[in-house]
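Fold and geometry: a report
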Amino acid sequence: MERLHREPQTYTRDYNAFINGLRQFHQNRGTKFRHVPKINGKEVDLYFLYNQVIALGGWQRVSEINKWEELLGRLKIAKSCVNAALALRQIYIRYLDAYEKIHFHGEVPDNDQLLENRARKSSMLHLVPMNYNYAQHDVPDSLRKSAGLSRPVQETEHSKLCLSLLCGLPNEQDFAVNICTLLSNEGQHILHLEQTPQLVNLLLAQTGIWPYYDDKLREMYLESWKDVDGRKMEEFWSVTLSDHPDVLELWGRNKRKFLFIF
């Protein structure tokens, strides 16, 4: 903080004032200045850099006399960083070139450039849609059939229960089982299994029973979820039916995997 021969508090105050002014300068020009640039993870002190460069006559003069590497040392940035001197020069041009031209060389701001930057920024904003176009996903059934595409699945309350049972999350599955239990009782709302026959298979799968024709469902429960607490179905049925070998035989064994058939 001894830079520019000022007290730490004074330097910090002047640094913050410079950075705020530089941000406002870029905002007025319509150019971006979101954060202080870094080299090799170290922030570049733009205030110190600017004062050092103008003391040497400006960035073009610094390039002529090859002083960028020397400035790296003054900024305490390791020279071992690949192309650090080039990066420092590019940072200066990006953030401080226009500022130097106006505030050091006294050049008149290019109003045409300012208008162009603002117009470009405004036009890019208008290119962003304000609402998502959901209609782009609606494809008529006739086009789907001609293109060989599947028809969209009509989501129902029962299909949502199926998704909850398939997701593998214990809370979701418990919720779905509880809902099915409630709907199975007589009342205003009942469980229409005819609307989603797959729901029967998924409910039975919660107990470790699968149809013989659905190997993927069996593998999902026994392999994908075998490390989830409460999913040790093989162990459960082996212990439960240990005294009933005839029932146990109904499982069938296929390459050391249990296969329940119904």
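Residues numbered from 1 in each chain as written. Predicted model: local features only at pLDDT ≥ 70, side-chain atom pairs only at ≥ 80, totals over all residues. Heavy atoms only, no water.

1. Side note on the overall build of the protein
A tally of regular secondary structure across the protein gives 13 helices and four strands. By the burial criterion, 30% of the 262 residues in the protein qualify as buried. A fraction of 57% describes how many contacts in the protein between residues 6 or more apart in sequence connect residues 24 or more apart. A total accessible area of about 18,500 Å² is found for the protein, and carbon and sulfur atoms account for 53% of it. (Helix = DSSP H or I, 4+ residues; strand = E, 2+ residues; numbered from the N terminus. Buried < 20%, exposed > 50% of the residue type's maximum accessible area, 1.4 Å probe, protein only. Contact = heavy atoms within 4.5 Å. Areas by Shrake-Rupley, 256 points an atom, 1.4 Å probe, with all protein chains shown as cover.)

2. Regarding the pattern of salt bridges
By the definition in use, this model includes five salt bridges. Here Glu64 ties to Arg61 by a salt bridge, and the two come within 3.3 Å at their closest N and O atoms. One end of the pair is Glu64 and the other is Arg61, both in helix H3 (residues 59-64) and three residues apart, which spans about a single turn. A relative accessible area of 58% means that Glu64 is categorised as exposed. By relative accessible area, Arg61 is classed as partly exposed at 41%. Linking Lys101 and Asp97 is a salt bridge whose minimum nitrogen-to-oxygen distance equals 3.7 Å. With Lys101 and Asp97 both in helix H5 (residues 84-103) and four residues apart, this pair spans about one turn of that helix. Judged by its relative accessible area of 34%, Lys101 falls in the partly exposed class. One connected set of salt bridges, linked through shared partners, spans Lys67, Glu70 and Arg74. (Salt bridge = Lys/Arg side-chain N within 4 Å of Asp/Glu carboxyl O.)

3. Observations regarding the packing of aromatic side chains
Per the stated rule, a full pass over the model turns up eight aromatic pairs. Centre to centre, the rings of Tyr11 and Tyr47 are 5.4 Å apart; their planes meet at 50°, and the pair counts as tilted. Residue Tyr11 is located in helix H1 (residues 8-29), and its partner Tyr47 is located in helix H2 (residues 46-55); the two are separated by 36 residues in the primary sequence. Among the residues examined, Tyr47 registers a relative accessible area of 7% and is labelled buried. Taking 5.3 Å as the distance between ring centres and 85° as the angle between the ring planes, the aromatic pair formed by Phe25 and Tyr99 counts as edge-to-face. Taken together, the residues span a long stretch of sequence, with Phe25 in helix H1 and Tyr99 in helix H5 at a distance of 74 residues. Exposure remark for Phe25: the relative accessible area of 13% places this residue in the buried category. Through a chain of ring-to-ring contacts, three or more aromatic side chains come together here, namely Tyr11, Phe18, Phe25, Tyr47, Tyr50 and Tyr99. (Phe/Tyr/Trp six-rings, centres within 6.5 Å; stacked < 30°, edge-to-face > 60°.)

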